[in-house]
Amino acid sequence: MAEPESEAAAEAPLYLRVAAALREDLAHRRISPGARLPSERSLSQRYHVNRQTVRSALQLLRDERLVVTDRRGTFAASGTEGGSEPAAPAAGAVRRTFPGGPRAADALVRASLTWEPAPTPLTARLQLAPGEPTLVHRHVVLGPQGTALQRAVSWFSRPALTEIPQLARYRPGRDRRRQPDLRLLYHWMHQAGLRVTHRESVGVPGPTATAAGGAARLLVHRVVSDQHGHALEITDIDFSAQSAAWTYEFSA
């Protein structure tokens, strides 16, 4: 069984490193479809982590429909790497993915993190003082000619930076990688014990406000809140309706 990577992944949370090693085993059929995975105790000993870390890694793989768990244990999904199609998601089960990250579209995506004040109309909703800086994520999808097909900008609230450990490490002047990977943001929220709700408003700008080349545009305003109604993230997405897609990823 493959060991976790130790280079760029060395700074990643332990559960992500364990999940990556298991995902590699599944992808290369070192764990055959339908085969039972080692027990949580065996995995914790193999990777020198506690059992809660192993549970978090297995939950992530379940979210990705790579493994299934029942009273007998955890098994490689039969649909892994070219098998049968995964089962349809349970009614109402939706897993939204955060924009950006290396898996989005490789060289055609540009993502960045900065630390700056949010727009004045958003400060109160984000529980920030006027002019107080916060973490800001920008994500651009580029076309073959370098034209921006989609732009997204996200502002994080004070509660989000306080309650989500993986965000807390992105402090001013630190970890400004050119291609930051926040695609597991909503999983991190779940791990922090947050029960989130997503509210999206979709708008169409006037006929004079079109994308490059005259393509129609859609504007999406997303607010992600916790169980107390506190905003965690506010995202504005602007994209060419004829050239880009707004995609939700569903899983059981």
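Refer to the preceding data block for the structure.
Residues numbered from 1 in each chain as written. Predicted model: local features only at pLDDT ≥ 70, side-chain atom pairs only at ≥ 80, totals over all residues. Heavy atoms only, no water.

Caption draft 1: Quick peek at the environment of Ser 201. Positionally, Ser 201 belongs in strand β6 (residues 197-203). Ser 201 sits in the partly exposed class, given a relative accessible area of 31%. Residues Ser 201 and Leu 219 lie 18 residues apart in sequence; the distance between their C-alpha atoms is 8.1 Å. (Helix = DSSP H or I, 4+ residues; strand = E, 2+ residues; numbered from the N terminus. Buried < 20%, exposed > 50% of the residue type's maximum accessible area, 1.4 Å probe, protein only.)

Caption draft 2: Representation of the packing of helix α1 (residues 14-27) against helix α3 (residues 51-63) in the model. Contact geometry for α1 and α3: axes closest at 8 Å, N-to-C directions at 55°. Classified by the interaxial angle, the pair formed by α1 and α3 is oblique. Here the hand of the crossing between α1 and α3 comes out right-handed. Of the residues in α3, those in contact with Leu 14, Tyr 15, Leu 16, Val 18, Ala 19, Leu 22 and Arg 23 of α1 are Thr 53, Ser 56, Ala 57, Leu 58, Leu 60 and Leu 61. The class makeup of the residues in the contact of α1 with α3 is 10 nonpolar, 2 polar and 1 charged. (Axes fitted to C-alpha atoms, helices over the stretch in contact; angles between N-to-C directions. Parallel < 35°, antiparallel > 145°, perpendicular 65-115°, else oblique. Left-handed = near helix turned anticlockwise from the far one by under 90°. Contact = heavy atoms within 4.5 Å. Nonpolar A, V, L, I, M, F, W, Y, C, P; charged D, E, K, R; others polar.)

Caption draft 3: Representation of α3 in the model. Along its 13 residues, α3 runs 18 Å from first to last C-alpha, staying within 8% of the 18 Å computed at 1.5 Å per residue. Taken as a whole, α3 has its buried residues at Thr 53, Val 54, Ser 56, Ala 57, Leu 58, Leu 60, Leu 61 and Asp 63. (Expected span 1.5 Å × (residues − 1).)

Caption draft 4: The packing of helix α2 (residues 40-47) against α3, seen in detail. Direction vectors running N to C along α2 and α3 enclose 105°, while the axes themselves pass 9 Å from each other. Regarding the angle of α2 to α3, the classification is roughly perpendicular. Here Glu 40, Arg 41, Leu 43 and Ser 44 of α2 come into contact with α3, specifically with Arg 51, Val 54, Arg 55 and Leu 58. A breakdown of the residues in the contact of α2 with α3 according to their chemical character gives 3 nonpolar, 1 polar and 4 charged.

Caption draft 5: Region of interest: the pattern of salt bridges. Within this structure, the stated rule accounts for 7 salt bridges. A salt bridge links Glu 116 to Arg 138; the shortest N-O distance between them is 3.1 Å. Taken together, the positions of Glu 116 in strand β3 (residues 109-117) and Arg 138 in strand β4 (residues 133-142) put the pair 22 residues apart, joining distant regions of the chain. The class of Glu 116 is partly exposed, set by a relative accessible area of 24%. The partly exposed category is assigned to Arg 138, whose relative accessible area is 32%. For Arg 222, the salt bridge identified is with Glu 200, shortest N-O distance 3.3 Å. Here Arg 222 is found in strand β7 (residues 217-225), whereas its partner Glu 200 is found in strand β6, with 22 residues between them in sequence. (Salt bridge = Lys/Arg side-chain N within 4 Å of Asp/Glu carboxyl O.)

So yeah, pure geometry; function would need other evidence.
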